[in-house]
Amino acid sequence: MAFYFVSTFAIAQTPTKQPALRLSRTKNLHFAKAPFPGFSAIALGADPRGEEKARKAILTYGEFFNEHYLPYVKPRKRSWNKDEEMFRLRLNTVFGRQRLNQITRHKIQSFHTSLKEQGLSASTCNHYVKLLKHSLNLAIDWDMLDINPAVRVPLFHEDNKMENYLSEAELEQLMDVLQTDDNRAVCRIIMYLLSTGARLNKALSARWD
């Protein structure tokens, strides 16, 4: 390739198969197009191979859970086997292959919603998010993650009220106990509650006029 300099302009005679050169007001010649992908980044001092190596060094959630989280919680948490079961049943499928820094709040919220759509209770759905939050907090403590995406993910309202009605046979058995048990004071209070439907504090504060 031959170059001819005229004043401060550079004119290039370029073979057809070589990258085209453009005029420059300096004596430096510049390629109009980068000769290969990543050329500009390399020219600025970047290290694409190093960046790729660093990206691969970030653990997937599955690797983190099995290699770091479980060994940590087994001697410290009685219900660690429940955590392992939750990971195996659902968390591994959704997040197992994602790297820690690829898990986002939106992904967790979508996962949380999908659990409810599958018919799981609000409490169970919330436990999955709590497990994610706790495990990712440990990843932050161990310098494997900068931000916990599970923080501020809204949980479902848990209604734990249960209603249970006695059958006729159970009611008869209860009345037999209340009429024969030696603790007469308690038995009378319970019979009063059953007869009137009053609240316990009202029954205890009742006075004869």
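Preceding block: the structure.
### Here we look at the pattern of salt bridges
On inspection of all chains with the given rule, the structure shows 3 salt bridges. Between D83 and K77 there is a salt bridge, with the nearest N and O atoms lying 2.7 Å from each other. The class of K77 is partly exposed, set by a relative accessible area of 27%.

### A look at the packing of aromatic side chains
Enumeration according to the criterion identifies 9 aromatic pairs in this entry. Pairing F111 with Y128 gives two aromatic rings, centres 5.9 Å apart and planes at 80°, and the pair type is edge-to-face. In this pair, F111 is assigned in helix 5 (residues 105-117) and Y128 in helix 6 (residues 122-141), connecting sequence segments 17 residues apart. You can call F111 buried: its relative accessible area is 4%. By relative accessible area, which is 2% here, Y128 ends up buried. Put simply, the rings of Y61, F64, F65, Y69, Y72, F87 and W142 pair up and form one aromatic cluster. Sitting above the plane of the F156 ring, K116 keeps its charged end 6.0 Å from the centroid.

### Some points on the side chain of T60
Structurally, the position occupied by T60 is in the loop between helix 2 (48-57) and helix 3 (61-73). A residue is classified by how much of its surface remains accessible, and T60, at 11% relative accessible area, is buried. A distance of 3.4 Å separates a polar side-chain atom of T60 from the backbone oxygen of G96. Apart from the residues lying within four places of it in its own chain, the contact partners of T60 are G96, R97, Q98, R99 and L100.

What counts as what
Residues numbered from 1 in each chain as written. Predicted model: local features only at pLDDT ≥ 70, side-chain atom pairs only at ≥ 80, totals over all residues. Heavy atoms only, no water. Salt bridge = Lys/Arg side-chain N within 4 Å of Asp/Glu carboxyl O. Buried < 20%, exposed > 50% of the residue type's maximum accessible area, 1.4 Å probe, protein only. Phe/Tyr/Trp six-rings, centres within 6.5 Å; stacked < 30°, edge-to-face > 60°. Helix = DSSP H or I, 4+ residues; strand = E, 2+ residues; numbered from the N terminus. Lys NZ or Arg CZ within 6 Å of the ring centre and 35° of its normal. Polar contact = N/O pair within 3.5 Å; in protein donor to acceptor, adjacent residues only side chain to side chain. Contact = heavy atoms within 4.5 Å.

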